[in-house]
Amino acid sequence: MMPRKRKRLTPLNVVQSKPSFSSVDTSGSLTVVLDGNSSPVSSKYFSEEKRTSSRLGTDFFNQPCISLAKSFLGQILVHKLPDGRELRGRIVETEAYLGGEDAASHSKGGKQTARNAAMFMKPGTLYVYQIYGIYFCMNVSSQGEGAAVLLRSLEPLQGLDTMRQLRSAQRKGSAKPLKDWQLCNGPSKLCQAFSINKSFDQKDLARATAVWMEPGSEAPGEQAVVTAARIGVSYGGEWAQKPLRFYIRGNKCVSVVDKKVESEQGAAD
């Protein structure tokens, strides 16, 4: 039985701690260069990747929800397949769901069910749920009772051919081959590409052997992070418009670009 989180709700209007940012060039289109071992070498959006065997631990995940959602940007998600191959992708878009107070959250009103139990477990616990009976979405619990961060889009780095095969297996008819930036540009798409399903629910990212996160080479600069409304949560009333989605400006792998917000934030910078 995994330990439960302490009750710690943080109101949206309270300033949460921000991750430290450094500058990054976000211009151009997706460019991933692979060597003979299909290892990521470089990306147009980030400096040259410095590969290490380190992984993000419990202390990293133990943050307020909004802070964790921002901190995820630039970090690397890894899935080690049963045959030993590893898939890697850099997180470029997230959404924060703040728990009981958040009308768009699965845990609104403090509701706990068998389905959303992972949202009430220790920070860093995966919450994987199914939509439309066939697709999956991947979340990570944070501080705060019932709070979690949705992983919305990734920039694929390693194992792109495998990702393409996994995505193609879920597509109907003779659809056109997917471009690299289309492999993980959505919450269900990234789960397909990374072969993430319900069996990963309640896994601890700090301890699991098949799935984990690694630190990226550097975080995106603060001005490169766009803060916008979440996608597909119109049922959340006023919470549908809360600025709780975060993505890297100019990254082609982002699922939905909010040009109006980008223009407004650009004018304010």
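The rules behind each value
Here the residue index of a chain counts from 1 through its sequence in written order. Local features in a predicted model are, by the rule used here, given only for residues with pLDDT of at least 70; side-chain atom pairs are given and counted only at 80 or more, and totals for whole chains, interfaces and linings are based on all residues. Excluded from the side-chain calculations are hydrogens and water; all other atoms, namely the structure's heavy atoms, are used. Numbering of helices and strands starts at the N terminus; helices are DSSP runs of H or I of at least 4 residues and strands are runs of E of at least 2. Residue-level accessible areas treat just the shown protein chains as cover; the underlying method is Shrake-Rupley with a 1.4 Å probe. We treat two strands as partners when DSSP finds at least two bridges between them. Only centres within 6.5 Å qualify two rings of Phe, Tyr or Trp (six-membered ring in Trp) as a pair; their planes then separate them into stacked at under 30 degrees, edge-to-face at over 60, and tilted for everything else. Throughout this description, buried means an accessible area under 20% of the type-specific maximum (1.4 Å probe, protein chains only), exposed means over 50%, and partly exposed covers the range between. N or O atoms within 3.5 Å of each other form a polar contact, as long as, within protein, one can give a hydrogen and the other can take it, and as long as residues adjacent in sequence are counted only when both atoms are side-chain atoms. Any two residues having at least one pair of non-hydrogen atoms within 4.5 Å are treated as being in contact. Among the buried residues, those of types Ala, Val, Leu, Ile, Met, Phe, Trp, Tyr and Cys that are joined through side-chain atoms within 4.5 Å form a nonpolar core. Confidence of the prediction at every residue is given by pLDDT, a number between 0 and 100.

What follows concerns the overall build of the chain. Helix and strand counts for the chain come out as 5 helices and 10 strands. As displayed, the chain has an accessible area near 12,500 Å², and 50% of this comes from carbon and sulfur atoms.

When a strand is regular, its side chains alternate between the sheet's two faces. With 6 bridges connecting them, strand 5 (residues 126-131) and strand 6 (residues 135-141) associate as antiparallel partners. Note on strand 6: the bridge partner recorded for Ile131 is Tyr135. Between strand 5 and strand 6, which follow one another and run antiparallel, lie 3 residues, and Tyr132 among them has a positive phi close to 55 degrees.

Another aspect to go through is the packing of aromatic side chains. Taken as a whole and judged by the stated rule, the model has 4 aromatic pairs. Ring centres 5.4 Å apart and planes at 85 degrees place the aromatic pair Phe60 and Phe61 in the edge-to-face group. Classification of Phe60 by relative accessible area gives buried; the value is 18%. Taking relative accessible area as the criterion, Phe61 reaches 0% and is therefore assigned buried. Here Phe60 and Phe72 contribute two aromatic rings whose centre-to-centre distance is 5.9 Å and whose plane-to-plane angle is 45 degrees, an arrangement assigned as tilted. Of this pair, Phe60 sits in helix 1 (residues 58-61) while Phe72 sits in helix 2 (residues 65-72), and the two are 12 residues apart along the sequence.

Covered by surrounding structure in strand 10 (residues 245-248) are Arg245 and Tyr247 together with Phe246 and Ile248, the residues of both alternating faces. Here strand 4 (residues 86-97) runs beside strand 10; their pairing, made up of 3 bridges, is antiparallel. Bridge pairing in strand 10 links Glu93 to Tyr247. Bridge analysis of strand 9 (residues 225-228) against strand 10 gives 4 bridges, and the strand direction is antiparallel.

Turning to the side chain of Asn185, a few remarks are in order. Position of Asn185 relative to the elements: it lies in the loop between helix 3 (160-168) and helix 4 (187-193). At 3.2 Å, the side chain of Asn185 forms a polar contact with the side chain of Lys189. If we ignore the near neighbours within four places in the chain, the residues touching Asn185 are Arg152, Ser153, Cys253 and Ser255.

Before going further, it helps to spend a moment on unusual backbone geometry. Unlike most non-glycine residues, Tyr132 shows phi in positive territory, near 55 degrees. Positive phi, normally seen in glycine, also occurs at Ser195, with a value near 55 degrees. Relative to the helices and strands, Ser195 is located in the loop between helix 4 and strand 8 (211-214).

Our next topic: the nonpolar core. Among the nonpolar cores identified, the biggest contains 51 residues, and Phe61, Phe72, Met138, Leu151, Phe194 and Met213 are the most heavily contacted of them. For this core, the element with the most residues is helix 2, which contributes 5 residues. Apart from the residues within four sequence positions on either side, Phe194 is in contact with Leu77, His79, Leu87, Arg88, Gly89, Leu154, Met163 and Cys184.

In this section: the confidence of the model for the chain. Here the chain shows a mean pLDDT of 85. Residues at 70 or above account for 79%. Below pLDDT 50 for its whole length, residues 6-42 participates in 94 contacts with residues either more than four positions away or in separate chains. Counting interchain partners and residues more than four positions distant, the pLDDT-below-50 stretch residues 45-52 has 37 contacts.

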